[in-house]
Amino acid sequence: MKPLLELNHISLSYHTPEGETPVLSDISFSIQQGEFAAIVGPSGCGKSTILNLISGLLRPEEGTISIDGKPLEESSLNIGYMLQKDHLFEWRTIYSNVLLGLEIQHKLTESSQARVDGLLASYGLEQFKKSRPSQLSGGMRQRAALIRTLALEPALLLLDEPFSALDYQTRLNVADDIGQIIKKEGKTALLVTHDISEALSMADRVIILSRRPASIRSVVPVELDIANRTPMTSRNAPNFKYYFNLIWKELNSHEYSSAVSVS
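Keep in mind that this is a model prediction, so the values were computed, not measured. (Residues numbered from 1 in each chain as written. Predicted model: local features only at pLDDT ≥ 70, side-chain atom pairs only at ≥ 80, totals over all residues. Heavy atoms only, no water.)

A sheet is described by the order of its strands in space; here four strands give the open sequence β2-β1-β4-β5, paired in antiparallel fashion. Edge strands, defined here as strands with exactly one partner in the open sheet, are β2 (19-31) and β5 (70-71). Judged from the five bridges that link them, strand β1 (residues 5-16) and strand β4 (residues 62-67) form a sheet pairing that is antiparallel. Following the sheet pairing, leucine 5 is matched in β4 by isoleucine 67. (Pairing = 2+ DSSP bridges. Helix = DSSP H or I, 4+ residues; strand = E, 2+ residues; numbered from the N terminus.)

Of all five residues making up strand β7 (residues 156-160), five are buried, and the element is well covered by its neighbours. Neither face of β7 is open: one carries Leu156, Leu158 and Asp160, the other Leu157 and Leu159, and all of them are buried. Of the strand pairs in this sheet, strand β6 (residues 79-82) and β7 are connected by four bridges, and their pairing is parallel. Within the sheet, the bridge partner assigned to isoleucine 79 lies in β7 and is leucine 156. In the sheet, β7 pairs with strand β8 (residues 188-192) via five bridges, with the strands oriented parallel. (Buried < 20%, exposed > 50% of the residue type's maximum accessible area, 1.4 Å probe, protein only.)

So, about helix α6 (residues 168-184). Taking 1.5 Å per residue as the helical rise, α6 with its 17 residues ought to reach 24 Å, and the 24 Å between its terminal C-alpha atoms agrees with that figure. Arg171, Leu172, Val174, Ala175, Asp176, Ile178, Gly179, Ile181 and Ile182 are the residues of α6 that are buried. For α6, the elements touching its buried residues are β3 (36-40), α5 (138-150), β7, β8, α7 (196-202) and α8 (231-234). Taking the backbone nitrogen of glutamine 169 as reference, a side-chain oxygen 3.3 Å away marks aspartate 167 as the first, capping residue of α6. One or two steps after α6, the chain reaches glycine 186, where phi turns positive at roughly 70 degrees. (Expected span 1.5 Å × (residues − 1). Contact = heavy atoms within 4.5 Å. Polar contact = N/O pair within 3.5 Å; in protein donor to acceptor, adjacent residues only side chain to side chain.)

Turning our eyes to something else, we now look at the sheet that holds β3. Strand order in this open sheet of six strands is β6-β7-β8-β3-β9-β10, and the pairing throughout is mixed. Two strands in the sheet have a free side with no partner beyond their single neighbour: β6 and β10 (216-221). Recorded for the sheet is a direction-independent mean angle of 15 degrees between the axes of neighbouring strands. Sitting on the sheet, α5 is in contact with β6 and β7, with an inclination near 165 degrees to β6. (Axes fitted to C-alpha atoms, helices over the stretch in contact; angles between N-to-C directions.)

Approximately 470 Å³ is the volume attributed to the largest pocket. Looking at the lining of the largest pocket residue by residue, the class counts come to ten nonpolar, eight polar and three charged. Taken as a whole, the second largest pocket encloses approximately 190 Å³ of empty space. Taken together, Leu53, Gly56, Leu58, Arg59, Pro60, Gly63, Thr64, Ile65, Pro71, Leu72 and Glu73 form the lining of the second largest pocket. (1 Å grid on protein atoms, 1.4 Å probe; cavity = no way out; pocket = protein on both sides within 12 Å on 5 of 7 lines; lining within 4 Å. Points joined across faces, edges and corners; volume = space filled by probe spheres on them. Nonpolar A, V, L, I, M, F, W, Y, C, P; charged D, E, K, R; others polar.)

Set out below in structure tokens:
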């Protein structure tokens with residue numbers, strides 16, 4: 001089976017009047033349809049840069065990116081991108097916020113609007129359709145942001161530390177909500193995070209990067225001994241600590257001095 005996403009030998013440097021700064025070095029990995037993968041690595045190593053390349057906001061200097069077997073620039077599949085902030089507009093209601101992407105892409109039809117209505121009902125936001133973003137909790141706002149993204153029916157979801165602006169307890173609950181929604185909708189996702197526990201609780205596989213210029217240090221398949229796994233229940237799996245220590249040691253080997261979150 002061909003992967004949904006494939007990166008082959010990606011390298012990138014930033015260029016300024018002061019000189020060249022290598023960021024990524026020979027990055028190769030793939031993600032299968034329906035898989036949830038996570039990327040962890042030292043601060044500033046280029047994790048978000050990888051997402052920017054996959055979304056087409058940047059272009060690699062070397063290597064290729066394919067979506068469903070086609071070069072990225074030739075693919076017609078939608079890619080959804082969730083950032084650290086929800087970027088909901090206060091002057092719009094929650095309903096008009098979640099319809100915004102459809103409006104911009106001229107895809108607001110009766111069927112697409114009905115799909116949004118169904119998502120709002122399924123994920124507990126139907127009664128808040130007429131509310132403003134400031135009237136919702138941080139977790140509810142992130143759910144609205146995800147529904148706005150899902151409304152465009154993306155083949156791939158890119159998640160750039162989407163819970164980092166939340167307090168710890170809310171972060172756990174929202175990660176659990178979002179993770180379950182993504183699984184239920186059958187979406188393929190790639191999460192960037194500093195938090196090892198978050199990566200393990202949500203992902204089927206964790207990609208560990210080196211410090212900049214980033215290369216792939218190792219890839220850890222996550223097979224937790226727990227039935228009916230969710231992001232929250234994953235943390236209670238007997239072998240969760242084993243995987244945590246494995247990734248922690250990989251990130252904190254003698255070559256690395258950057259700290260990572262250990263919540």
